[in-house]
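Here is what each chain is made of, one letter per residue.
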Amino acid sequence: RMLTVLYRMKETGYITEAEYDAAVAYDITQDFKKPEPLPQERYPFLTFELERQAKVIISEMLAEKDNVDPSRLANEETLQQKYEILADRAMRTNGYRIYSTIDKNMYDAHQKVKDEFKNYGPTLKKKRTNPDTGEVEEVDAPVQVGSVLMENSTGRILSFIGGRDHKLEAQNHATFAYRQNGSTMKPLLVYAPAIEYGVIGAGSPVVDVAFEDYIDGSGEPYNPGNFNREQELGIIPARQALASSQNLAALRLYDQILEKRPATFLEKLQFSRLSDQDYTNISTSIGGMYRGVTVQENTNA
């Protein structure tokens, strides 16, 4: 094309023979733009998460347009699949612009910390069926990580870590991996409800003493302990029990309020996968959930 255009420019007098010769001799490849990775290659977790959330929003919009109650999409798999396909098509062809709350500098810094961290522990191996070849192969299975940085005043997600390496595992461990939330549950399910119910104040005494012959909601014996199983602090202020994350104090306090079904607080905090056991087992108070919660939901709570 370049040579054709130059020849025509010379033939019609737009350039001289000397200008033509110089232009033909010029190495135009030195001006070519260097290949750049695509957004999904540079920011795979972010790109695919934005697409996923956008498709959910567009699915509900399209359902409403068809006079279909959007809440049905969560319960009817065939209907959900139909509108997901329509939403994906609309997102890619209708000229939508997707705006994100992510702060790029924070996001880049977040990934740098994740990549440079030295103490994840050993990377194990697991067997996986290759979707292209159908062959079983051995792949790395590193310790995973998920993190969310959220603005308190608005709830905007400013940054997140989706996992160690998208090429090794594409599941987003910040937004889509359900795990037990451990001691972060204590202020959400024990201390906040107990204060709301008027059972304790910040300085009220709580009992950090081991259980004897306790039977949990499933009818099984339950013998919990503190992080140091030999430790029992006795009667201590609630603020101290929370500050040092005492399991026994939290469990005993939760047992006092269990009949009020404090797990309904988790519904209000938008925990999306609560089970019947989470309302009755006292182990829920120290994060022993049946299905679990995502890092995003837990951070939001």
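A few points on the structure.

## With respect to helix H6 (residues 104–116)
Consideration 1: In this model, H6 (13 residues) spans 18 Å end to end at C-alpha, consistent with the 18 Å of a helix rising 1.5 Å per residue.
Consideration 2: Among the residues of H6, those classed as buried are Tyr107, His110, Gln111 and Lys114. Taken around the axis of H6, the buried residues stretch over an arc of 95°, which confines them to a single face. Along H6, the residues that are exposed and aim more than 90 degrees away from the buried face are Asn105 and Val113.
Consideration 3: The backbone nitrogen of Asn105 lies 3.1 Å from a side-chain oxygen of the residue at the head of H6, namely Asp103.

## Some details on the pairing of strand E2 (residues 136–141)
Sheet faces and side chains relate simply in a regular strand, where the side chains alternate between the two faces.
Consideration 1: Where strand E1 (residues 124–129) lies against E2, six bridges are found, and the strand directions are antiparallel. Looking at the pairing, Thr129 lines up with Val136 of E2.
Consideration 2: Between E1 and E2, which pair antiparallel and follow one another directly, the connecting turn spans six residues, one of which, Gly134, has a positive phi of 80°.

## Let's talk about the nonpolar core
Consideration 1: Grouped together as the largest cluster of nonpolar side chains are 31 residues, with contacts concentrated most on Tyr191, Val206, Leu253, Tyr254, Leu266, Phe271 and Ile282.
Consideration 2: Residue assignment for this core shows that the elements contributing at least two residues are helix H7 (185–196), helix H8 (238–243) and helix H9 (247–257).
Consideration 3: It is H9 that provides the largest number of residues to this core, a total of seven residues.
Consideration 4: Ile282 has contacts with Phe211, Tyr214, Tyr222, Leu251, Tyr254, Asp255 and Leu258, leaving out every residue within four places of it along the chain.
Consideration 5: Ranked by size, the runner-up nonpolar core spans ten residues in total, among them Phe45, Ile102, Met150 and Ala174.

Conventions used here
Residues numbered from 1 in each chain as written. Predicted model: local features only at pLDDT ≥ 70, side-chain atom pairs only at ≥ 80, totals over all residues. Heavy atoms only, no water. Helix = DSSP H or I, 4+ residues; strand = E, 2+ residues; numbered from the N terminus. Expected span 1.5 Å × (residues − 1). Buried < 20%, exposed > 50% of the residue type's maximum accessible area, 1.4 Å probe, protein only. Arc of directions from axis to C-beta. Polar contact = N/O pair within 3.5 Å; in protein donor to acceptor, adjacent residues only side chain to side chain. Pairing = 2+ DSSP bridges. Core = buried A, V, L, I, M, F, W, Y, C linked by side-chain atoms within 4.5 Å. Contact = heavy atoms within 4.5 Å.

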